[in-house]
Amino acid sequence: RIAASGGRSEDALSLAQQAIDTGRVNGEAWHVKGVILQRTRNDLAGAEAAFKESIKDPRFATVAQLALANLYAAQQRIPDLKELLTTLTRSKTHSPIADLVAAQIAYLESRYEAAREQLDKLLRRAPNDQELLVLSGAIDLRRGAWLQAESQLGRAVQMSEDGGAARPLLAEAYLKMGQPDKALSTLRPLV
């Protein structure tokens, strides 16, 4: 993790692989490998395989399921999200990740009211989660609730250094509200 955060992705991959090669179940090493493959190499197939291996370790199953859900959602792989949701709902304990996956599916299928309902459950538990705020803002944007979208996405932008995925969505909300100057200033840090 230190190597990856320092921009040394090759060293980080090598260290993660060394931890994997010990032969012990190591969900953390598989997860780190998946994140590095996804973010630095854009190797989505490799990241998916690594996350699936990470799920086999009960200590990291939840983190890996979340990473897998986000990977599928980013690629708009609805059938894979539905399969993951089925797996999550089979367990005896309710997972908040199941609510997130259900919200992601509803959003991708343009069922915005259903997505809003699922996401509201999660926001009650974690009102300051940046990822949830971005999805919430995106849902509100598609529903035409531009002021709500502006509020959610504005909070998400403030939580990260570069604003991540929230910044372009916030600019879109400003455009919908007829405020092109605010849209431009929101996008300026990305240029």
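So, here's what we can say about the structure.

Calculation rules
Residues numbered from 1 in each chain as written. Predicted model: local features only at pLDDT ≥ 70, side-chain atom pairs only at ≥ 80, totals over all residues. Heavy atoms only, no water. Salt bridge = Lys/Arg side-chain N within 4 Å of Asp/Glu carboxyl O. Buried < 20%, exposed > 50% of the residue type's maximum accessible area, 1.4 Å probe, protein only. Helix = DSSP H or I, 4+ residues; strand = E, 2+ residues; numbered from the N terminus. Contact = heavy atoms within 4.5 Å. Core = buried A, V, L, I, M, F, W, Y, C linked by side-chain atoms within 4.5 Å.

### Quick notes on the pattern of salt bridges
Applying the stated criterion across every chain, the model contains 15 salt bridges. The salt bridge involving R8 is made with D11; its shortest N-O contact spans 3.1 Å. The salt bridge involving R59 is made with D57; its shortest N-O contact spans 2.7 Å. Looking at D57, the relative accessible area reads 2%, which means it is buried. Sharing partners across several salt bridges, the network here consists of E113, R116, D120, D140 and R143.

### Describing the environment of E109
Note on placement: E109 falls in the loop between helix 7 (96-108) and helix 8 (112-125). Overall, the relative accessible area of 27% leaves E109 in the partly exposed class. Taking the C-alpha atoms as reference, E109 lies 29 Å from P180; in sequence the two are 71 residues apart. Not counting residues up to four positions away in its chain, the partners in contact with E109 are I78 and K82.

### A short note on the nonpolar core
Grouped together as the largest cluster of nonpolar side chains are 27 residues, with contacts concentrated most on L119 and L135. Put simply, the parts of the chain that give this core at least two residues each are helix 7, helix 8, helix 9 (130-143), helix 10 (146-159) and helix 11 (166-176). Here this core gets seven residues from one element, more than from any other, and that element is helix 9. For L119, the contacting residues outside a window of four places in its chain are A103, L132, L135, S136 and I139. Residues I36, A47, A69 and I105 belong to the second largest nonpolar core, which totals 24 residues.

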